[in-house]
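Below are the chains, spelled out letter by letter.
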Amino acid sequence: MLKKLTVKDVDLKDKKVLLRVDFNVPIDKETGEVADDTRIKAALPTIKYVLENGGKAILVSHLGRPKGKKDPKYSLKPVAKRLEQLLGRTVSFVDDCIGEGAKKVIEAMKEGEVVLLENVRFYPEEKKNDPEFAEKLASLADIHVNDAFGTAHRAHASNVGVAQYLTSVAGFLMEKEIAMLGKAVANPEHPYVVILGGAKVSDKIGVITNLLKKADRILIGGAMMFTFLKALGKQVGDSLVEEDKLELAKEIMEEASKRGVEFVLPIDTVIAKEIEAGAESKVVRIDDGIPEGWKGLDIGPETIELFKSKLKGAKTVVWNGPMGVFEIDDFAKGTEEIAKALAELEDATTIVGGGDSAAAINKFNLADKVSHVSTGGGASLEMLEGKELPGIASIADADEKKNDG
Ligand SMILES: Nc1ncnc2c1ncn2[C@@H]1O[C@H](COP(=O)(O)OP(=O)(O)O)[C@@H](O)[C@H]1O
Ligand SMILES: O=C(OP(=O)(O)O)[C@H](O)COP(=O)(O)O
Ligand SMILES: [Mg+2]
């Protein structure tokens, strides 16, 4: 088991704490408000602990994928509002990260106060893990607490780079995720089924290669399915396809068959022309092809039954990525039915991971029916692959201690 320093190992009294959280939460396009607060709630124990122990909490996070510049669509402002409600105290939102505005507010902070900095990905240096930028961020504080498990597979300035300049310790969420997923990695009981979906296809397709060495069965839904179906020569219309991953998709399917891993793709899909509530939609069989101008937005009813049958008797299930565009009810059925099937499994370890997958399981009120809802999608998958995550490696080891604050 990984032994890392945690927030409990350091003196926080009167310290400025740069607290990296993953507040990359879904934002409701119509209201502009936080649509699912799982990741905010998950960070509360660490934030409260810092405040109760006399620290000043300077929260830093990304939201979405802005292209290294300011974009109001990706502002963390609505998150500050939700955090304020959940914490029951004032959260000062600052419009930048390392500028004069931030410095001034931080200088004036008193013990027990909370500041949330604007989206750190508004700076292109964040994703490049630029050392100068990391140093500037680090200079805002006395210690770094890393509670951003959902970001742990990224080596960025605010989670990894800053550890060159400040002692980095784990928050309670980070600690809990490492423990929960660590158990699943160490000794998965078989049959071990992995379900993959969602939209980050080029990011996540690569993990399958390693998962083929561990899992007995892999079920593919979500936008992920269309890259595989196209690689098999099926007509996928305007569905989301990663053209440059078609070769990899073929190789993965060949490797699965060599290893005797059952690789299960959908047999039907719900299609529409627009990703919109109330859009005209219909079910087509994959073998009949998706017409041009239409896109697959959910798994179909036959696939739901097929996947349910493939989940029967499973002892370990790991699920990342919704089966369809579950945010819109017309395309939510596949995700809901698979969530229900997971909830009904007996004597199985069931792990659902990902910002959006967590939002989905909450939407269907099934979060307490699975063994663990992880705040990380890509992060939990890479951990289950057996990789060392940069955002965990950068946290100080327990033996590196002591006597600092
Ligand atoms: N067939 C599809 N086409 C387009 N987007 C999809 C499809 N199926 C699922 N999605 C989208 O995938 C997104 C989540 O993907 P991802 O971020 O990879 O998952 P997670 O956050 O659980 O790790 C959701 O917003 C959902 O609408
Ligand atoms: O939401 C996240 O990952 P997830 O969608 O896999 O759960 C993390 O915040 C990482 O975001 P990124 O994939 O834009 O680096
Ligand atoms: Mg996501």
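Conventions and cut-offs
- Residues numbered from 1 in each chain as written.
- Chains lettered and ligands numbered in written order.
- Predicted model: local features only at pLDDT ≥ 70, side-chain atom pairs only at ≥ 80, totals over all residues.
- UniProt positions renumbered as here; feature names shortened; annotations may be inferred.
- Helix = DSSP H or I, 4+ residues; strand = E, 2+ residues; numbered from the N terminus.
- Rg over C-alpha atoms; globule rule 2.2 N^0.38 Å.
- Contact = placed C-beta atoms within 7 Å.
- Pairing = 2+ DSSP bridges.
- Axes fitted to C-alpha atoms, helices over the stretch in contact; angles between N-to-C directions.
- pLDDT = per-residue confidence, 0-100.
- Buried ≥ 20, exposed ≤ 12 C-beta atoms within 10 Å, placed from the backbone.
- Near = placed C-beta within 6 Å.
- Nonpolar A, V, L, I, M, F, W, Y, C, P; charged D, E, K, R; others polar.
- Domains from an automatic or database assignment.
- Parallel < 35°, antiparallel > 145°, perpendicular 65-115°, else oblique.
- Left-handed = near helix turned anticlockwise from the far one by under 90°.

An unreviewed UniProt entry lists the chain under the name Phosphoglycerate kinase, from Kosmotoga olearia. UniProt, in the comment section headed Sequence similarities (unreviewed entry), describes the chain in these words: "Belongs to the phosphoglycerate kinase family." As its UniProt record puts it under Pathway (unreviewed entry), the chain is described as follows: "Carbohydrate degradation; glycolysis; pyruvate from D-glyceraldehyde 3-phosphate: step 2/5."

S.K.: Go over the overall build of the chain, please, and point to the residues and values.
M.R.: If you tally the helices and strands in the chain, you get 15 helices and 15 strands. In terms of overall dimensions, the chain is globule-like: its C-alpha atoms have a radius of gyration of 22 Å, near the 22 Å expected for 405 residues. The principal-axis extent of the C-alpha atoms belonging to the chain is close to 65 × 45 × 35 Å. Contacts spanning at least 24 positions in sequence make up 74% of the contacts within the chain whose residues lie at least 6 apart.

S.K.: So what's going on with the sheet that holds strand E11 (residues 281-285)? Which residues, and what values?
M.R.: Here 3 strands make up an open sheet; going across it, the order is E11-E10-E12 and the pairing antiparallel. Single-partner strands in this sheet number two, and they are E11 and strand E12 (295-299). Each strand of the sheet is rotated relative to its neighbour by a mean of 40°, with strand direction disregarded. Sheet contacts for helix H11 (residues 301-311): strand E10 (268-272), E11 and E12; angle to E10, the most-contacted strand, approximately 145°.

S.K.: Explain the confidence of the model for the chain residue by residue, including any values.
M.R.: Confidence along the chain averages 96 in pLDDT terms, with 98% of residues attaining 70 or more. Across the assembled chains, the prediction reports ipTM 0.99 with pTM 0.95.

S.K.: So what's going on with the pairing of strand E7 (residues 192-196)? Which residues, and what values?
M.R.: The buried fraction of E7 is high, at 5 of 5 residues. By the alternation rule, side chains of E7 split into Tyr192, Val194 and Leu196 and Val193 and Ile195, which are all buried. Of the pairings in the sheet, the one linking E7 to strand E13 (residues 316-320) comprises 5 bridges and is parallel in character. Bridging from a neighbouring strand, Val194 pairs with Val318 of E13. Pairing analysis gives 4 bridges linking E7 to strand E8 (residues 217-220), with the strands arranged parallel. Within E8, the position partnered with Val193 by the bridge is Arg217.

S.K.: Got a sec to walk through the site of ligand 2? Specific residues and values, please.
M.R.: Within the structure, ligand 2 sits among 13 residues, and Asn24, Gly354, Gly355, Gly377 and Gly378 are positioned closest to it. For the shell around ligand 2, the class distribution of residues is no nonpolar, 8 polar and 5 charged. Among the domains, domain 1 (7-176) and domain 2 (188-385) are the pair contributing at least three residues each to the shell around ligand 2.

S.K.: Explain the packing of H11 against helix H12 (residues 333-344) to me, using residue names and the numbers behind them.
M.R.: The geometry of H11 relative to H12 is characterised by a closest axis approach of 10 Å and an angle of 20° between their N-to-C directions. By the angle class used here, H11 and H12 are roughly parallel. Seen from above, H11 lies across H12 with right-handed handedness. Two secondary-structure elements touch here, H11 through Ile304, Phe307, Lys308 and Leu311 and H12 through Gly334, Glu337, Ile338, Ala341 and Leu342. Broken down by class, the residue content of the contact of H11 with H12 amounts to 6 nonpolar, 1 polar and 2 charged.

S.K.: Explain helix H13 (residues 355-363) to me, and be specific about the residues and the numbers.
M.R.: Considered for burial, the residues of H13 that qualify are Gly355, Asp356, Ser357, Ala358, Ala360 and Ile361. Taken together, the buried residues of H13 touch helix H1 (38-52), E13, H12, strand E14 (349-353) and strand E15 (372-374). Immediately downstream of H13, the backbone of Asn365 shows phi near 55°, a positive value.

S.K.: Describe the UniProt feature "binding site: substrate" (unreviewed entry) in the chain, naming the residues involved and giving the relevant values.
M.R.: Following the UniProt record, one finds the feature "binding site: substrate" (unreviewed entry) at Asp22, Phe23, Asn24, Arg39, His62, Leu63, Gly64, Arg65, Arg121 and Arg154. Tracing the sequence through the fold places Asp22 in the loop between strand E1 (16-20) and H1. Taking the C-beta count within 10 Å as the criterion, Asp22 has 28 such neighbours and is therefore assigned buried. Once residues within four sequence positions are removed from consideration, Asp22 is found in contact with Arg39, Ser61, Ala148, Phe149, Gly150, Thr151 and Thr375. Mapped onto the fold, Asn24 is located in the loop between E1 and H1. Take Asn24: there are 23 C-beta atoms within 10 Å of it, and that puts it in the buried class. Those residues in contact with Asn24, other than ones at most four positions away along the chain, are Arg39, Ser61, His62, Leu63, Gly64, Gly150 and Gly355.

S.K.: Which residues make up the site of ligand 1, and what values go with them?
M.R.: By nearness alone, 20 residues border ligand 1, and Gly198, Ala199, Gly354, Asp356 and Gly377 come closest of all. Elements with a minimum of two residues in the shell around ligand 1: E12 and H13. A total of 3 residues in the shell around ligand 1 trace back to one element, the largest contributor, which is H13. A per-class count over the shell around ligand 1 returns 6 nonpolar, 11 polar and 3 charged.

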